[in-house]
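Geometric and topological summary
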Amino acid sequence: MVQPLATLTETPSQTAGPYVHIGCIPSFAGNPGIYPEDLGKRAIEDGARGEIITITGSVLDGTGWALRDAMLESWQADARGLFPGQPGADPMVNGFCRFATDGDSGEFTLHTVKPGAVPLRDGGMQAPHIALWITARGINTGLQTRIYFQDEDNSADPLLARIEQRPRLDTLIAQNAGVGQYRFDIRLQGADETVFLDI
Amino acid sequence: MTDPARDQGPLIPRNRAAHPPAYDVDYKTTVARSPRWPLLSLQSTPTEETGPTFGHALLGPLDNNLILNFTHGAAPAVGERIRVHGQVLDENARPVAGTLIEVWQANAGGRYRHIKDSYFAPLDPNFGGCGRTITDENGCYEFMTIRPGAYPWPNRANDWRPMHIHFSIFGTGFGQRLISQMYFQGDPLIDLCPIAATIKSRSQLDRLVAPLDMAASRPMDYLAYKFDIVLRGRRQTMFENQPEGM
């Protein structure tokens, strides 16, 4: 026998289920009024500095069918690469946003500011990106991924550099779809399965 | 509430064995919704080490009282009155103070107040089924609610969810984000539930089963259940600021 470690084990995840909206975005579940407004309703406030963008997409299952019951969360830096709470960060950038896939179309929309590059602790820069966390019925542990941008220089990003297969890297790149518009589809499995992260 | 020295360090890599696998054929919805590729494992970056923070100003006075919050105190929900309390710790056994906890659940009859729940158990006009609170300086939290009912769900021919409360917890970094479910001690449906059974370690599943806590109950008023939660921790070493290998 050896001495026991003092560390604990993380509480296991369980699926958020089909009714995640009740707890996280109750207005979407048809229950407005319990809170003044849903948490994470806006990634930015009026006056946020930088390029204002809209990202639209779907979360597709292994058959290509768009999930109608997913809830996503995003977390990002401001236009200068500072996260909310860090000194000098843009006070009009909340950084955090919650959005559901539409119950009819399966589409989600994220309206936000384009983030700046983010420095790593030991030097090096991460290309501009938005972290995503995806929950839904049938997803046992929330899925982490990232949105990068087609029109940014992603060549030196350390995370993207870890992806061996170039076609897989493309699953993390939002495609231009007009001025200030991007398309980012998430494929849970099948051909072009999105790269999900353990980070 | 954040302490930069404690709350912004690198995250301990997630022990994936503590969590359910993505694919579990007995929970049929996972079949088409589970990634087949292995996850891309990396050290955390500032993106995961930072996260949204929410202050107590967010909370209304009844946000942690699901018995009363749907009617803004006008009329109580139907059901067995319970208090749920516990402590949020990280893997280093340190309290996680000031973190937001959100809960949602079915009513006493097993019906969710959601546009897509069509189970014929009746809605309770006085119950919304959602609440939230923020942990105190010791990582402790509590809320009042009614015990949710079990309910059937379309999976195998006769699957029922055990009584449960959904929990969403933030922590101090976006990489600590966790959603889970609290079950109730003694519920025989836990052992029959394919969602509970996605957790392959019995000892890990047991950690989701809240014990009846008579000492925290109030005579002639409510029973209590205790539900402690552990989030990912952060590495703690005096060597952390040196380049790797030095």
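Up top you'll find the structure we're talking about.
Read on for an overview of the structure. Each chain has its residues counted from 1, following the order in which its sequence is written. Each chain takes a letter, starting from A, and each ligand takes a number, starting from 1, following the order in which they are written. Note on the predicted model: pLDDT of at least 70 is required for a residue's local features to be given, and 80 or more for side-chain atom pairs to be given and counted; whole-chain, interface and lining totals, by contrast, use all residues.

Turning next to the pairing of strand β9 (residues 178-184) of chain B. All names here are of chain B. β9 sits mainly inside the fold: seven of its seven residues count as buried. Counting other C-beta atoms within 10 Å of its own, a residue is labelled buried from 20 upward, exposed at 12 or fewer, and partly exposed in the gap between, with every C-beta atom placed from the backbone. Helix numbers and strand numbers start at the N terminus; a helix is a DSSP run of H or I with at least 4 residues, a strand a run of E with at least 2. Burial along β9 is two-sided: Leu-178, Ser-180, Met-182 and Phe-184 facing one way and Ile-179, Gln-181 and Tyr-183 facing the other are all buried. Should DSSP find at least two bridges between two strands, the strands are regarded as paired. As defined by bridge partners, β9 adjoins strand β10 (residues 209-210) across two bridges and the pair is classed as parallel. From the neighbouring strand, Tyr-183 faces β10, where its bridge partner is Val-209.

Take the interface of chain B and chain A next. Throughout, a residue-residue contact means that the two C-beta atoms, derived from backbone geometry, are no farther apart than 7 Å. In this assembly, 69 residues from chain B lie in contact with 58 residues from chain A. At the level of secondary structure, the elements contributing two or more residues to the side of chain B that touches chain A comprise α2 (30-33), β1 (40-41), α3 (46-49), β3 (100-104), β8 (164-169), β9 and β12 (229-231) of chain B. Examining the composition of the side of chain B that touches chain A, we find that four residues originate from one element, β9(B), more than from any other. Here the side of chain B that touches chain A is composed, by residue class, of 30 nonpolar, 25 polar and 14 charged. Here strand β12 (residues 197-198) of chain A runs beside β1(B); their pairing, made up of two bridges, is parallel. Along β1(B), the bridge assignment pairs Leu197(A) with Leu40(B). Asp, Glu, Lys and Arg are counted as charged, while Ala, Val, Leu, Ile, Met, Phe, Trp, Tyr, Cys and Pro are counted as nonpolar; the rest, among them Gly, fall into the polar class.

Looking at the element boundaries, Arg235(B) is found in the segment after β12. For Arg235(B) and Gln8(B), which are 227 residues apart along the polypeptide, the C-alpha to C-alpha distance reads 9.8 Å.

Quick look at the sheet that holds β8(B) now. With mixed pairing, the five strands of this open sheet are ordered in space as β4-β3-β8-β9-β10 (chain B). Bordering the open sheet on either side are β4 (130-134) and β10 of chain B, each of which pairs with just one other strand.

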